[in-house]
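Here's the letter readout for the chains.
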Amino acid sequence: ETITVATVNNGDMIRMQGLMDEFKAEHPDIDVEWVTLEENVLRQRVTQDVATKGGQFDVMTIGNYEVPIWAKQSWLVPLTDMPEGYDEEDLMPAIADGLRQDGTLYAAPFYGESAMVMYRTDLAEAAGVTIPDAPNWGQIEEAAAAMTDRDNEIYGICLRGKAGWGENMAFISSMANSMGARWFDMDWHPQFDSEAWSETLTDYLDLMNNYGPPGGSGNGFNENLALFQQGKCGMWIDATVAASFVTDPEESTVADSVGFAQFPNKEGMEGTGHWLWSWNLAIPAGTQKEESAKAFVAWATSKEYTQLVAEREGWRAAPPGTRTSLYENQDYLDAAPFAEMTLNAINGVDILNPTVDEVPYIGSQWVGIPEFQGIGTAVGQQFSAALAGQVSAEQALQSAQQLTEREMTRAGYIQ
Amino acid sequence: MATKHSRAAARLMISPAVILLLGWMIIPLGMTLYFSFLRYNLLMPGMEEFTGLANYRFFLTDPAFFAALKNTLLLVGGVLLVTVVGGVLLALMLDQPFFGQGIVRILVIAPFFVMPTVSALVWKNMFMNPVNGLFAHAAKALGMQPFDFLSAAPLASIIGIVSWQWLPFATLILLTALQSLDQEQLEAAEMDGAPWIKRFFYIMLPHLARAITVVILIQTIFLLSVFAEILVTTNGGPGVASTNLTYLIYVQSLLQFDVGGGSAGGVVAIILANIVAIFLMRMIGKNLDA
Amino acid sequence: MARAVSTRRKLLTTVFAWLVGLAIFFPILWTILTSFKTEAAAIASPPVWFNFHWTLDNYVTVQNRSNYFRHFSNSVIISVGSTLLGLIIAIPAAWSMAFVPAKRTKDVLMWMLSTKMLPPVGVLVPIYLIFRDLGILDTRIGLVIVLTLINLPIIVWMLYTYFKEIPGEILEAARMDGASLREEIIYVLTPMAIPGMASTVLLNIILAWNEAFWTLNLTAARAAPLTAFIASYSSPEGLFYAKLSAASTMAIAPILIMGWFSQKQLVRGLTFGAVK
Amino acid sequence: MGRITLDKVRKAFGDIEVIPPLDLTIEDGEFVVFVGPSGCGKSTLLRLIAGLEDVTSGQIRIDRQDATDLPPAKRRLAMVFQSYALYPHMSVRKNIAFPMKMAGVPKEEQEKRIEAAAKALNLTDYLDRRPGQLSGGQRQRVAIGRAIVREPAAFLFDEPLSNLDAALRVGMRLEISELHKRLKTTMVYVTHDQVEAMTMADKIVVLRAGNIEQVGSPLELYNRPRNLFVAGFIGSPKMNLLSGTEAAKHDAATIGIRPEHIAISTESGTWKGVIGVSEHLGSDTFFHVNVEGFDEPFTVRASGEVSLKYGDEVYLTPNEANLHRFDAEGLRIA
Amino acid sequence: MGRITLDKVRKAFGDIEVIPPLDLTIEDGEFVVFVGPSGCGKSTLLRLIAGLEDVTSGQIRIDRQDATDLPPAKRRLAMVFQSYALYPHMSVRKNIAFPMKMAGVPKEEQEKRIEAAAKALNLTDYLDRRPGQLSGGQRQRVAIGRAIVREPAAFLFDEPLSNLDAALRVGMRLEISELHKRLKTTMVYVTHDQVEAMTMADKIVVLRAGNIEQVGSPLELYNRPRNLFVAGFIGSPKMNLLSGTEAAKHDAATIGIRPEHIAISTESGTWKGVIGVSEHLGSDTFFHVNVEGFDEPFTVRASGEVSLKYGDEVYLTPNEANLHRFDAEGLRIA
Ligand SMILES: Nc1ncnc2c1ncn2[C@@H]1O[C@H](COP(=O)(O)OP(=O)(O)OP(=O)(O)O)[C@@H](O)[C@H]1O
Ligand SMILES: Nc1ncnc2c1ncn2[C@@H]1O[C@H](COP(=O)(O)OP(=O)(O)OP(=O)(O)O)[C@@H](O)[C@H]1O
Ligand SMILES: [Mg+2]
Ligand SMILES: [Mg+2]
């Protein structure tokens, strides 16, 4: 039997494709076909397929944003009766809870992430700044200012600027959370006219305009990763998975001088993370090959898989952020200097209460409603335009407010 | 030629093409039209209901709509301008005698074979990237600030990329047209005392009119639906600075999975495209028959 | 004009033309060069030209990651298949328009072209649903059908312009010689239009090869052509310039090579009746 | 085996009547030439006979059998087109074989007939060439070859020589005439060349705007044109036409006299005139003589040796026996 | 004001010498016609004069002034091309105005000259049409119009009539001749049409493979061809050429006698023969007579009234006065 797996083109997934002979050895009767796509294309393709019951995929890679929404539509096969030894209990609660509906798991986490600060210890030292483990935004700005050296193409801070709900909005929403801003009030009115948002955006723009690399409005995760690996960034605040890439001596020119710190907060505010993301494997309801699909999902998200990756590629490459056991493994902790920071960041997130004020949605750097993809991207465009200098921060916020209100009204949230 | 037999045969033989294209036009169009009156979001199945013109109202009042309309026209117009002017110049150049004509012609044609996605990726990452792109290196080598093409001049950059892809097409058509110009006409003009530049404007350019029309027609058809280049390079941004209609519809229907709204957008785009088409056909009809 | 062009002028033209030609070709050249570099060399500043360590690693990596040859063969089958199917439908249609012109002929032609103006994104969902119901999602036959329909107007137009150049007398001669309509088309018209058909075929293979919207949206694993292959490289993690270049080179090389070898044919043919 | 009868055949393109109802019989074995000014309907008539156009009304019979609705392939007629319409992608052999292939003639029979035709037309050495590698005259022979292997009821030629240069034309003219002598197949031949019509035809049909003006042998038309149109059309240079008092003297509305039937003298004659342009062909000289009282100059043929020049005074004397008289309607007065 | 001198002009394309060094003087006001077989270099010579080709060596003088290196526009010559090379996108008026516009002639002056030219050429009614809407003859007049408004030192015509049908040709031939009489501008005219050359030229230049075979007035060439080539080339139908014993009788290697210089009789004469094909043109009849002892049939011209037919026995008598004698090298024996 051949199952078709749709997946995103990131390093962990590609690594898994290289390990398929192992899977084949365990399940000789199952062949796996891969469809590897860029994140946005993938999302569009799988959503379209699952919603129209096109039935082209048997396993889909989806985010924790989609899982609850899709589960509610009964588009996903509940992952009950997982094979013996799967050990669902071992999944990290912060991650797994977001994938459950009424206590049933609807998708298996492949890896999880929160966000944190990665910085160049050598540059910080040279610039004479220290970055505390739990910095605030003020300290970040100071450090960025100190490390920036444009003549040598060293930029104090690299942040996402490329428009998209999963790109710049992921970061900006987290930053907003850490500044006490929220997307919607309890009546689903957008909050871009609030003081907190204004502060968030202004700070973000200041950081990027003053200490960021040129072309910031086009940089997403990958572009920043490349910059950081080339040694052009003093700090980079982004997903925790990045840690394993920037410390990979084969790819990164700065592997041995990276330090880590918690996602910053507004001065005086608490909270360790406002970002929670996982890539999960789920089985669409229409599939004819449920059994094989389930076998595959179980294999790919099992402890044994982690072990397998560790054996083949070393512990540092193990998919992070899904299983508690991994963080209890001394080999892993030794190989991954960022492990603890990652664990703390993930566990610190509460997607029911992403920020100070109460919110009507679940989510962290995203908002768990179907409309968010569109709205988030449109707002992201506005902020990216502000970063590119095409509009002012106020204008961007104003447009964001208007367009969000428009969409929310149309969708029926605002009566 | 035109006997009863042959006319009957002609009708029979053209019908497969006509029926297929009619089907290709009417079936999706019909469905699109139908969806455009529905409140229909893929993510919320079972909630479809008839909403009349609400989708149209929503699409047309989108603040991005007019920007997209403007961008579409700028994109089509800009690329046409670059490719026609550039194509004429290149054709003139390739028409001169020089060594290695064949190879240079191949070099000039090559971009036409490149997939839009690939060319967008290559341009974006390897040329226009303000840190690692070649243009940035060049600027730095010249002691200038690298220019951030895709955020500072997104539409112009896309026009550049698309023009690069279509320049060979225009060049080819114009070159063959130029080569079909009766040499005696040029000689006559020379005997009449016209210097090179006047021969160009009075003889060659009018001769190229028909070819230029064809270039415009064919390219417009393809340029109206430019999509991959935008998706890959700027995602329509920053803001809506490089969103064209096609991309706007994409955002509507595939990013928000709002089939109703996207369909309404599609219908609007079809209407606009047909306005352009009618306009073009007026122009072409005159020029192609001449 | 057969007046001797002075050698000096010819040399100047040569230098200029080569510069322009290379400038236009440069992005492709650079991509090919980069595909043989290591990732580090690919982003070296200042850029390295030829004196780097040439490596095939990127190609190996790319091939390991995705099954290039399957995508490749899908691309070939889809583009050639849709072109041939298109020809079969278009030849009779173009014959009718060229040799039995009616008052509406021009209008029909223009109408056909106007079907190409449908924005594909606007009709994706309907088409997807239809394909799902027909069970031809992710099949090569499905893509062949779509691409045939998309390119049909172009094929018809091109053939129409070639056919119009063929003197009607020759077809009439065949008729006088006792050929039926079918024989007339098979034995006389088609062989005479071979050069025109060749360029039509070439252009359509190129268009079909490069079509990236439908091929991406209507396929998953089995029928995915090279456009889908390249879609998985559009922003991978980490340094990717060299790998992207290798993948790009692999995606465009077949069509580039085909285009180069047949460029004479293409040049002659690509006129759409623009040249009287 | 090749009698063609047109019975009230009428042809209109849309509203425009190109051929008004027309009757014509072409006898078996006859060589009939259609002449007439450009656009008069010669080609259309031929194409109607061939079946390449539908008649609007009327009937076409070939050998007594109604052929009006037969498709071209069924009429057993062979047509040689102005451009020869050879199949450029086939060798000469294949070109000639094509009609037989279509008719399903067995291979050996085909070979035999091709050999025979090639020999008759002097094409044996060229059988494996493509038409593009042949000279104009050879191409024309291939076109004829393709026609004769079918043993058609009649040949139709539409200006087959007009693409050739003058020298080749003369040769081909002779060859076609000889072919006709040999095969004795009906031939219908369209031309607008005087000389071709005069030298080849058994019977010339003069057309004007789709109407038949006169049918007759070449010399009949030359000697006894039925009306002014035919008189003016046949003969080169044109017949001199006079009206007014001079014509009245002969009891006619118009009289005509051909250039070769006027004697020129420096001493005496009927009309006195002054030489205008003169054209020396060596063999002949054509003088354009301006005679007082006439608007148009007279064209007069003299031998090549006559040495008169511009401005000389001369006297012209028509040969009364060759004078043509026409009435007010332009019809010949017997 | 239009004397053209070619002084050792030589032209080679690459290694192929198309025109070996050649001297020629065209006097002011002369009408010179170049004739010769296809490919002999007529067009090349004309284009050298026009400046559209560079001479490989030698000198071209126009009115005594060295023009060898002048660009075409500066030579004050006007050229009428075979295809007319009208500008298809401009109206007739604009076509005619173009050279004046290029020369910066003031608008009113332009208008005046256009009117004058249009009147002279009978084009007044067509000034606002495009070339595509004109007949062949009208187009040619536009081409001439475009040439005359410039008041050139000389006109160059490259086979300007070869695209026209026979009837139109005769008319245009006369018009050009008259134009020359009126303007008295030098004209150089390339043609391969016998009749054109004979009737229009003051002086004919016969070329073969780039060499001048003979220069002279039309009648000079007709009556006293300098060699066999010219003898065979000038005159239509061709001169009958005989060698062998018959020629030896006249102390020559070859003798020639034109068809019009042979008397035909049923009773007696020098040679006895049998009539083959005969061509009746009405005005004349050409008999092809097979004479024993000669391979080729004799062509003989007789009047239109002679009634001889295929197979008749006849006697031929050449007119001794018109006999041409050539030596073994083919040169005329005086
Ligand atoms: N398909 C057509 N539609 C309309 N009118 C036509 C068509 N074909 C021919 N005609 C008209 O019919 C008339 C006769 O045309 P035809 O070709 O028979 O002339 P022709 O005598 O052969 O002339 P030519 O000597 O120039 O070949 C012309 O006036 C022509 O314009
Ligand atoms: N550009 C060229 N390159 C090489 N050879 C040429 C070129 N132009 C002409 N020739 C050769 O020069 C010779 C003379 O050509 P030209 O055109 O002058 O002949 P022509 O007398 O005008 O013939 P025609 O009567 O066929 O027009 C021919 O053999 C021709 O092949
Ligand atoms: Mg005709
Ligand atoms: Mg010539």
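Scroll up for the structure.
Residues numbered from 1 in each chain as written. Chains lettered and ligands numbered in written order. Predicted model: local features only at pLDDT ≥ 70, side-chain atom pairs only at ≥ 80, totals over all residues. Heavy atoms only, no water.

Peer 1: Can you walk me through the site of ligand 1 in this structure?
Peer 2: Residue and element names in this part refer to chain D. Around ligand 1, the surrounding shell consists of Phe13, Val18, Ser38, Gly39, Cys40, Gly41, Lys42, Ser43, Thr44 and Glu159. Within the side chain of serine 38, an N or O atom sits 2.5 Å from an oxygen atom of ligand 1. Between ligand 1 and the protein, one listed contact pairs an oxygen atom with a side-chain N or O atom of glutamate 159 at 3.4 Å. Here ligand 1, which alone exposes 630 Å², has 56% of that area covered by the protein. Tallying contributions element by element places helix α1 (residues 42-50) first for the shell around ligand 1, with three residues. Looking at the shell around ligand 1, its residues break down into three nonpolar, five polar and two charged. (Near = heavy atom within 4 Å. Polar contact = N/O pair within 3.5 Å; in protein donor to acceptor, adjacent residues only side chain to side chain. Areas by Shrake-Rupley, 256 points an atom, 1.4 Å probe, with all protein chains shown as cover. Helix = DSSP H or I, 4+ residues; strand = E, 2+ residues; numbered from the N terminus. Nonpolar A, V, L, I, M, F, W, Y, C, P; charged D, E, K, R; others polar.)

Peer 1: Is there a simple way to explain empty space enclosed by the protein in this structure?
Peer 2: Unoccupied space between atoms shows up once a probe the size of one water molecule is rolled over them. Counted under the stated rule, the structure contains 17 cavities of 30 Å³ or more. The space that makes up the largest cavity amounts to roughly 1000 Å³. Lining the largest cavity are 50 residues, and of these Pro116(B), Ala228(B), Glu211(C), Ala212(C) and Phe213(C) sit closest to its centre. Split by residue class, the lining of the largest cavity holds 30 nonpolar, 14 polar and six charged. For the second largest cavity, the lining is made up of 25 residues, of which Glu39(A), Arg160(A), Gly166(A), Phe221(A) and Trp279(A) are closest to its centre. Of all the secondary-structure elements, those providing two or more residues to the lining of the second largest cavity are α3 (39-52), β6 (108-113), α10 (221-229) and β11 (277-282) of chain A. (1 Å grid on protein atoms, 1.4 Å probe; cavity = no way out; pocket = protein on both sides within 12 Å on 5 of 7 lines; lining within 4 Å. Points joined across faces, edges and corners; volume = space filled by probe spheres on them.)

Peer 1: Looking at this model, I keep getting lost on the packing of helix α5 (residues 116-128) of chain B against helix α1 (residues 7-34) of chain C. Mind explaining?
Peer 2: Two quantities define a packed helix pair, namely the angle between the helix axes and the distance between the axes. Following both chains from N to C, one finds α5(B) and α1(C) inclined at 80°, their axes separated by 11 Å at the closest point. Relative to α1(C), the element α5(B) lies roughly perpendicular. For the pair α5(B) and α1(C), the contacting residues are Val122(B), Trp123(B), Met126(B) and Phe127(B) in the first and Phe26(C), Pro27(C), Trp30(C), Thr31(C) and Thr34(C) in the second. Split by residue class, the contact of α5(B) with α1(C) holds seven nonpolar, two polar and no charged. (Axes fitted to C-alpha atoms, helices over the stretch in contact; angles between N-to-C directions. Parallel < 35°, antiparallel > 145°, perpendicular 65-115°, else oblique. Contact = heavy atoms within 4.5 Å.)

Peer 1: How should the side chain of Asn177(A) be read in this particular structure?
Peer 2: Residue and element names in this part refer to chain A. Structurally, asparagine 177 can be placed in helix α8 (residues 168-178). Looking at asparagine 177, the relative accessible area reads 2%, which means it is buried. Setting aside chain neighbours within four positions, we find asparagine 177 in contact with Met269, His274, Pro354, Thr355, Ser364 and Gln365. (Buried < 20%, exposed > 50% of the residue type's maximum accessible area, 1.4 Å probe, protein only.)

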